[in-house]
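The chain contents come next:
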Amino acid sequence: MGRETNVLHIWGNKESMNLNPMILTNIQSSTYFKQKLFELKTYHEVIDEIYYRVTHLEPWEKGSRRTQGLTGMCGGVRGVGGGGIVSTAYCLLYKLYTLKLTRKQVIGLITHKDSPYIRGLGFMYVRYTQNPQDLFSWFCDYLDDEEELDVKAGGGMVISIGQMLRKWLIRLEWFDTLFPRIPVPIQNEIMDALRERYGNCIDSNAFYENGLIMKRSPPPELSEVLRDERKRLRKSRSRSADGSRERKERRRRRSPSREKSTKRSSDRSSSHRHKHESRKKDSRSRSRSKDSSSERRHRRKHKHSRHHKSHRRDDHSSERTESIRNGRKRSHDE
């Protein structure tokens, strides 16, 4: 292995090793890191310390975090709110980072035969410091590794190294902290690679084993992801259905204020209509009264009955002339 190929480039924040700020602060201020680990100068000394001291891979020691009374984003999530006693494993992980490990040394960690915790911290070093697009190539040879270790502080969560690595490729959450985010396109490529390795269709529980399709349950990490996706789809569908129902109900029933406003507008329109009709009636009655009063004045002026007979005669003569004209017109048309 050449000198250039043996150099292991760090991805992301080179000062913090991409660790959570709260965890990093607790590591740097802990007496164990400042006093005990400061004395360790070589790679092999740190490996011996891991062998004798590490018993889990959580970021915090059991019962050391005070999360009561913290709410929202500070409530015991992601190592943001209340600190605690940072774990020996994470102190040693950061100590390895200060040694600026080579590629050969990291491979020596992940293939170590003395302790699964040495291997676990080697894989964790890769997860925190390497480019997301290289993670699958680092982990692919160990995804079915059956060596077991207890990753929980105080015990109670024994998993295989393969199961742990599959979890780290699929999920960001690791107890009370988060791993560096994997971009969505790279995450999709990783999921496709896992499906190719364990089966084309995860939902049908068909997985490849020695070139043959075997019916068995999927790895717990993949099934958890699928379960979460199904829940999310169900929620989105139920929300859309609920929203459509609510919109329909809103159309059907109107709010009391809206009803009052519509009632007021209808009352106004009806009162306006009534006023308009009453004005029309008044105008008609006035016109009639005007006609009758003019007729009365005319009669007072001309008291003789002959005068009124002449009016009638004139009316009849005009009617007669009109009928004669109409008759002539008809005969001419025929």
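Residues numbered from 1 in each chain as written. Predicted model: local features only at pLDDT ≥ 70, side-chain atom pairs only at ≥ 80, totals over all residues. Heavy atoms only, no water.

1. What to know about the overall build of the protein chain
Thinking step 1. The helix and strand tally for the protein chain stands at 13 helices and six strands.
Thinking step 2. Counting over 334 residues, the protein chain shows a buried share of 34%.
Thinking step 3. In the protein chain, once contacts between residues fewer than 6 apart in sequence are set aside, the share between residues at least 24 apart is 63%.
Thinking step 4. With the model as given, the accessible surface of the protein chain reaches about 22,600 Å², and the carbon-plus-sulfur share is 48%. (Helix = DSSP H or I, 4+ residues; strand = E, 2+ residues; numbered from the N terminus. Buried < 20%, exposed > 50% of the residue type's maximum accessible area, 1.4 Å probe, protein only. Contact = heavy atoms within 4.5 Å. Areas by Shrake-Rupley, 256 points an atom, 1.4 Å probe, with all protein chains shown as cover.)

2. Quick notes on the side chain of Arg166
Thinking step 1. Within the fold, Arg166 resides in helix α9 (residues 161–170).
Thinking step 2. Residue classification places Arg166 among the buried positions, given a relative accessible area of 10%.
Thinking step 3. Side-chain polar atoms of Arg166 contact the side chain of Tyr198, separated by 3.5 Å. (Polar contact = N/O pair within 3.5 Å; in protein donor to acceptor, adjacent residues only side chain to side chain.)

3. Thoughts on the packing of aromatic side chains
Thinking step 1. Counted by the stated rule, this structure contains eleven aromatic pairs.
Thinking step 2. Both rings, one in Tyr90 and one in Tyr128, keep their centres 6.2 Å apart while their planes meet at 80 degrees; by these two values the pair is edge-to-face. Remark: Tyr128 occurs in helix α7 (residues 116–129) and Tyr90 occurs in helix α5 (residues 88–98); sequence separation between them is 38 residues. The exposure classification of Tyr90 matches that of Tyr128, with both residues buried.
Thinking step 3. When the ring of Trp168 is compared with that of Trp174, the centres are 5.4 Å apart and the planes differ by 90 degrees; the resulting orientation is edge-to-face.
Thinking step 4. Take Trp168: its relative accessible area is 1%, and that puts it in the buried class.
Thinking step 5. A relative accessible area of 2% means that Trp174 is categorised as buried.
Thinking step 6. Through a chain of ring-to-ring contacts, three or more aromatic side chains come together here, namely Tyr90, Tyr128, Trp168, Trp174, Phe175 and Phe179.
Thinking step 7. In this arrangement the basic side chain of Lys41 is found over the ring face of Phe38, its NZ or CZ atom lying 4.2 Å from the centre. (Phe/Tyr/Trp six-rings, centres within 6.5 Å; stacked < 30°, edge-to-face > 60°. Lys NZ or Arg CZ within 6 Å of the ring centre and 35° of its normal.)

4. Section: the confidence of the model for the protein chain
Thinking step 1. In this model, the protein chain carries a mean pLDDT of 77, and residues with pLDDT of at least 70 account for 57%.
Thinking step 2. Here residues 71–81 is modelled with pLDDT under 50, and outside its nearest four sequence neighbours on either side it reaches 24 contacts, counting other chains as well.
Thinking step 3. Here residues 201–216 is modelled with pLDDT under 50, and outside its nearest four sequence neighbours on either side it reaches 37 contacts, counting other chains as well. (pLDDT = per-residue confidence, 0-100.)

5. Quick notes on the environment of Gly12
Thinking step 1. Here Gly12 lies in the loop between α1 (3–6) and α2 (21–29).
Thinking step 2. The exposure class of Gly12 is partly exposed, given its relative accessible area of 45%.

6. Quick look at unusual backbone geometry
Thinking step 1. Even without being a glycine, Asn18 presents a positive backbone phi close to 65 degrees.
Thinking step 2. Relative to the elements of secondary structure, Asn18 occurs in the loop between α1 and α2.
Thinking step 3. Residue Asn18 is classed as buried on the basis of its relative accessible area, which comes to 17%.
Thinking step 4. Located in the positive-phi region is Lys100, a residue other than glycine, with phi close to 55 degrees.
Thinking step 5. Its location among the elements puts Lys100 in the loop between α5 and α6 (103–110).

7. Digging into helix α10 (residues 184–198)
Thinking step 1. Its 15 residues give α10 an end-to-end C-alpha distance of 21 Å, which sits within 8% of 21 Å, the value for a rise of 1.5 Å per residue.
Thinking step 2. Among all positions of α10, only Ile186, Gln187, Ile190, Met191, Ala193, Leu194 and Tyr198 are buried. Looking down the long axis of α10, one finds its buried residues gathered within 160 degrees of arc, a one-sided arrangement. The outward face of α10, more than 90 degrees from its buried face, is lined by the exposed residues Val184, Pro185, Glu189 and Glu196.
Thinking step 3. Looking one or two residues beyond α10, the residue adopting positive phi is Gly199, at roughly 140 degrees. (Expected span 1.5 Å × (residues − 1). Arc of directions from axis to C-beta.)

8. Things to note about the pattern of salt bridges
Thinking step 1. Under the criterion given, the structure shown has six salt bridges.
Thinking step 2. The salt bridge partner of Asp144 is Arg166, with a shortest N-O separation of 3.9 Å. A residue pair is termed long-range when its members are at least 10 positions apart, and Asp144 in the loop between α8 (135–139) and β1 (148–150) and Arg166 in helix α9 qualify at 22 residues.
Thinking step 3. In this structure, the salt-bridge partner of Arg195 is Asp192, at a minimum N-O distance of 3.8 Å. Here Arg195 and its partner Asp192 are both found in helix α10, three residues apart, which amounts to about one turn of the helix. (Salt bridge = Lys/Arg side-chain N within 4 Å of Asp/Glu carboxyl O.)

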